[in-house]
Amino acid sequence: MKIFVRERMRAEEGTKKPRFRVVGVQGGDLKIYVKRIRKVELKELAEHTGAEIVYLTRDGEGSEGKKG
């Protein structure tokens, strides 16, 4: 099983906000009901389910302020 996540732009390390967003889950019977998750919670989920965490890269550009 794999859990795909990406780092959020607005949540940096030390801001006390969930830093990762779950993008998808492959295989298994795991349902995640949150949009944003903390790294500690993510690691614990992976440990208990035997899943691999896949960190997706960002392009560095956000859609903030862009329309269309």
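For clarity, every value in this text was computed on a predicted model and none was experimentally measured.

Draft legend 1. Structural view of the overall build of the chain. The helix and strand inventory of the chain stands at one helix and four strands. For the chain, the sequential pattern of α-helices and β-strands runs β-β-β-α-β. Burial status across the chain gives 22% buried among its 68 residues. In the chain, the proportion of contacts linking residues at least 24 apart, taken out of those at least 6 apart, comes to 41%. Accessible surface, the chain: about 5,600 Å² in total, of which carbon and sulfur atoms supply 46%.

Draft legend 2. Geometry of the sheet that holds strand 4 (residues 52-56). Reading across from one edge, 3-2-1-4 is the order of the four strands in this open sheet, with mixed pairing throughout. In the strand order of this sheet, the two ends are held by strand 3 (36-37) and strand 4, each with one partner. Summarising the sheet, strand 2 (residues 20-26) and strand 3 pair through two bridges and their orientation is antiparallel. Within strand 3, the position partnered with R21 by the bridge is R36. On the sheet, helix 1 (residues 39-49) packs against strand 1 (2-7), strand 2, strand 3 and strand 4 and is oriented at approximately 140° with respect to strand 4.

Draft legend 3. Local environment of the environment of E7. Secondary-structure assignment places E7 in strand 1. Residue classification places E7 among the partly exposed positions, given a relative accessible area of 33%. Put simply, E7 and R58 are 51 residues apart on the chain and 7.7 Å apart in space, counted from C-alpha to C-alpha. Aside from chain neighbours lying at most four places away, what touches E7 is R19, F20 and R58.

Draft legend 4. Layout of the pairing of strand 1. In this sheet, strand 2 lies alongside strand 1 in antiparallel orientation, the contact comprising six bridges. Counted as the bridge partner of E7 is F20 from strand 2. Note that strand 1 and strand 4 share five bridges and pair parallel. Note on strand 4: the bridge partner recorded for F4 is V54.

Scoring rules and cut-offs
Residues numbered from 1 in each chain as written. Predicted model: local features only at pLDDT ≥ 70, side-chain atom pairs only at ≥ 80, totals over all residues. Heavy atoms only, no water. Helix = DSSP H or I, 4+ residues; strand = E, 2+ residues; numbered from the N terminus. Buried < 20%, exposed > 50% of the residue type's maximum accessible area, 1.4 Å probe, protein only. Contact = heavy atoms within 4.5 Å. Areas by Shrake-Rupley, 256 points an atom, 1.4 Å probe, with all protein chains shown as cover. Pairing = 2+ DSSP bridges. Axes fitted to C-alpha atoms, helices over the stretch in contact; angles between N-to-C directions.

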